[in-house]
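Geometric and topological summary
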Amino acid sequence: GGDRGGDRGGDRGGRGRGDRGGRGRGRGRGPRGGDEKDARVPCTKLGRLVQQGKIKSLEHIYLFSLPIKEHQIVDHFITSSFNS
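Remember, predicted model here, so these are calculated numbers, not experimental data. Throughout this document, residue positions are counted from 1 along each chain, in the order its sequence is written. Only residues with pLDDT of 70 or above have their local features reported here, since the model is predicted, and side-chain atom pairs are shown and tallied only from 80 upward, although totals for entire chains, interfaces and linings are computed over all residues. Computation of side-chain values: all heavy atoms of the structure, hydrogens and water removed.

1. Some points on the overall build of the protein chain
Strands are runs of DSSP state E lasting at least 2 residues, helices are runs of H or I lasting at least 4, and numbering of each runs from the N terminus. Helix and strand content of the protein chain: 3 helices and 0 strands. Of the regular secondary structure in the protein chain, the N- to C-terminal order runs α-α-α. Contacts are assigned to residue pairs with any non-hydrogen atoms lying within 4.5 Å of each other. Within the protein chain, counting contacts between residues at least 6 apart in sequence, those at least 24 apart form 29% of the total. We get accessible surface area from the Shrake-Rupley algorithm with a probe of 1.4 Å; when it comes to residues, only the shown protein chains can shield them. When the accessible area of the protein chain is evaluated, it comes to approximately 7,800 Å², of which 49% is carbon and sulfur surface.

What follows is the structure in structure tokens.
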């Protein structure tokens, strides 16, 4: 029995989890780069709700003790309060 079938699935990379790809976490962030500020794609659900206008003020966020993980959310309300 000389031939022992040397190929033991060598191209699998071992240790599982091989093809999971980088980053994870959050949805796709749309096109990379670009300098337009209006074209920002929110990373969090809260960011999307703010952008869609479903959340009207910072008070609504604090009312439900939601963590704010994007500075643009605060910027959105601060600049809108200055403009009115």
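The structure having been displayed, the exposition proceeds.
2. Some remarks on the confidence of the model for the protein chain
pLDDT is a residue-level measure of predictor confidence that goes from 0 to 100. Counting all residues, the mean pLDDT for the protein chain is 76, and 56% of those residues have values of 70 or more. Looking at the elements of the protein chain, mean pLDDT is at its lowest for helix α3 (residues 71-83), recorded as 90, and at its highest for helix α1 (residues 45-51), recorded as 95.

3. Focus on the environment of L46
With respect to the element layout, L46 can be found in helix α1. Buried residues are those whose accessible area, probed at 1.4 Å on protein chains only, stays under 20% of the maximum for their type, while exposed residues exceed 50% and partly exposed ones sit between those limits. L46 sits in the buried class, given a relative accessible area of 10%. When the C-alpha positions of L46 and E70 are compared, they lie 8.9 Å apart, and in sequence the two are 24 residues distant. Discounting residues that sit within four places of it in the chain, L46 has contacts with I55, I61, L66, P67, I68 and I73.

4. What about unusual backbone geometry?
Its identity is not glycine, yet S65 carries a phi of approximately 55 degrees, on the positive side. Following the sequence through the fold, S65 ends up in the loop between α2 (58-63) and α3. Judged by relative accessible area, S65 falls into the exposed class, the value being 63%.

5. Overview of the environment of S57
Relative to the helices and strands, S57 is located in the loop between α1 and α2. As a C-alpha pair, S57 and I78 span 21 residues in sequence and 9.4 Å in three-dimensional space. At 3.2 Å, the side chain of S57 forms a polar contact with the side chain of E59. In the analysis that follows, any N or O atom pair within 3.5 Å is treated as a polar contact, provided that within protein one partner can donate a hydrogen and the other can accept it, and provided that, for residues neighboring in sequence, both atoms belong to side chains. Only 3.1 Å separates the side chain of S57 from the side chain of H60, close enough to count as a polar contact.

6. Remarks on the nonpolar core
Note on terminology: a nonpolar core comprises buried Ala, Val, Leu, Ile, Met, Phe, Trp, Tyr and Cys residues joined through side-chain atoms within 4.5 Å. In this structure, L46, V50, I55, L58, I61, I73 and F77 together form the largest nonpolar core, which totals 7 residues. Secondary structure elements with two or more residues in this core: α1, α2 and α3.

7. Looking at the side chain of T44
Structurally, the position occupied by T44 is in the segment before α1. Looking at T44, its side chain comes within polar contact range of the main-chain nitrogen of G47, at 3.1 Å. Beyond its immediate stretch of four places on either side in the chain, T44 contacts K69, E70 and I73.

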